[in-house]
Amino acid sequence: MLSDLGTALAGLLSLAIVLMGSRYLLDPNPAAAGFGIPGALDDASHSAAWLAVKAVRDIAIGIAIGALLIDGAHRQLAYLLAAASLIPIADGTIVLRAGGPKAIAYGVHWTSAALMLTVAALLAA
């Protein structure tokens, strides 16, 4: 029962991460604002490059989650989710260090990490 719930949540998580990453490629300025780092993006190539790195990272993790889910490798998926939860923890920390909104750091990034760890625990059960 818990494994089934974990499987369903992992599928939703995989899709959500791929969609978030895609947003950074398709509509980067609002996506960057939603990340929580204050200040507007300029047209500098380094800003576009930073967003592309974020996009590819999210899409790759989402695909890896989906691949393990399709394969039925629940224990490996649990390990991946546990390890990948460090990404939103670091993202939230970056937002806080940059003086960004605490609501985004805690409510978006760290809540995502908590969700990932919860799904990992459900899958490992």
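Residues numbered from 1 in each chain as written. Predicted model: local features only at pLDDT ≥ 70, side-chain atom pairs only at ≥ 80, totals over all residues. Heavy atoms only, no water.

S.K.: Residues and numbers for the packing of aromatic side chains, please.
M.R.: What the rule picks out here adds up to one aromatic pair. Between the aromatic rings of Y106 and W110, the centroid separation amounts to 5.0 Å while the plane-to-plane angle is 55 degrees, which identifies the pairing as tilted. Of the two residues, Y106 and W110 both sit in helix 6 (residues 102-124), four residues apart, roughly one turn of that helix. (Phe/Tyr/Trp six-rings, centres within 6.5 Å; stacked < 30°, edge-to-face > 60°. Helix = DSSP H or I, 4+ residues; strand = E, 2+ residues; numbered from the N terminus.)

S.K.: So, the packing of helix 4 (residues 74-84) against helix 6: which residues are in play, and what are the values?
M.R.: Two numbers describe how helix 4 lies on helix 6: the axes approach to 8 Å, and their chain directions differ by 160 degrees. Here helix 6 runs roughly antiparallel to helix 4, going by the angle between their axes. Once helix 4 is placed against helix 6, the crossing between them reads as left-handed. Each of H74, R75, L77, A78, L81, A82 and A84 in helix 4 lies in contact with helix 6, whose residues at this interface are M116, L117, V119, A120, L123 and A124. Of the residues that constitute the contact of helix 4 with helix 6, the class distribution is eleven nonpolar, one polar and one charged. (Axes fitted to C-alpha atoms, helices over the stretch in contact; angles between N-to-C directions. Parallel < 35°, antiparallel > 145°, perpendicular 65-115°, else oblique. Left-handed = near helix turned anticlockwise from the far one by under 90°. Contact = heavy atoms within 4.5 Å. Nonpolar A, V, L, I, M, F, W, Y, C, P; charged D, E, K, R; others polar.)

S.K.: Explain the nonpolar core to me, using residue names and the numbers behind them.
M.R.: By size, the foremost hydrophobic cluster in this structure holds 14 residues, and its most contacted members are A10, I65, L77, L81 and L123. Mapped onto this core, the elements with two or more residues apiece are helix 1 (2-26), helix 3 (45-71), helix 4 and helix 6. Aside from chain neighbours lying at most four places away, what touches I65 is A10, S14, I17, L77, L80 and L81. Counting eight residues, the second-largest nonpolar core is a separate cluster that includes A31, A32, V95 and A105. (Core = buried A, V, L, I, M, F, W, Y, C linked by side-chain atoms within 4.5 Å. Buried < 20%, exposed > 50% of the residue type's maximum accessible area, 1.4 Å probe, protein only.)

That is the geometry; function is a separate question.
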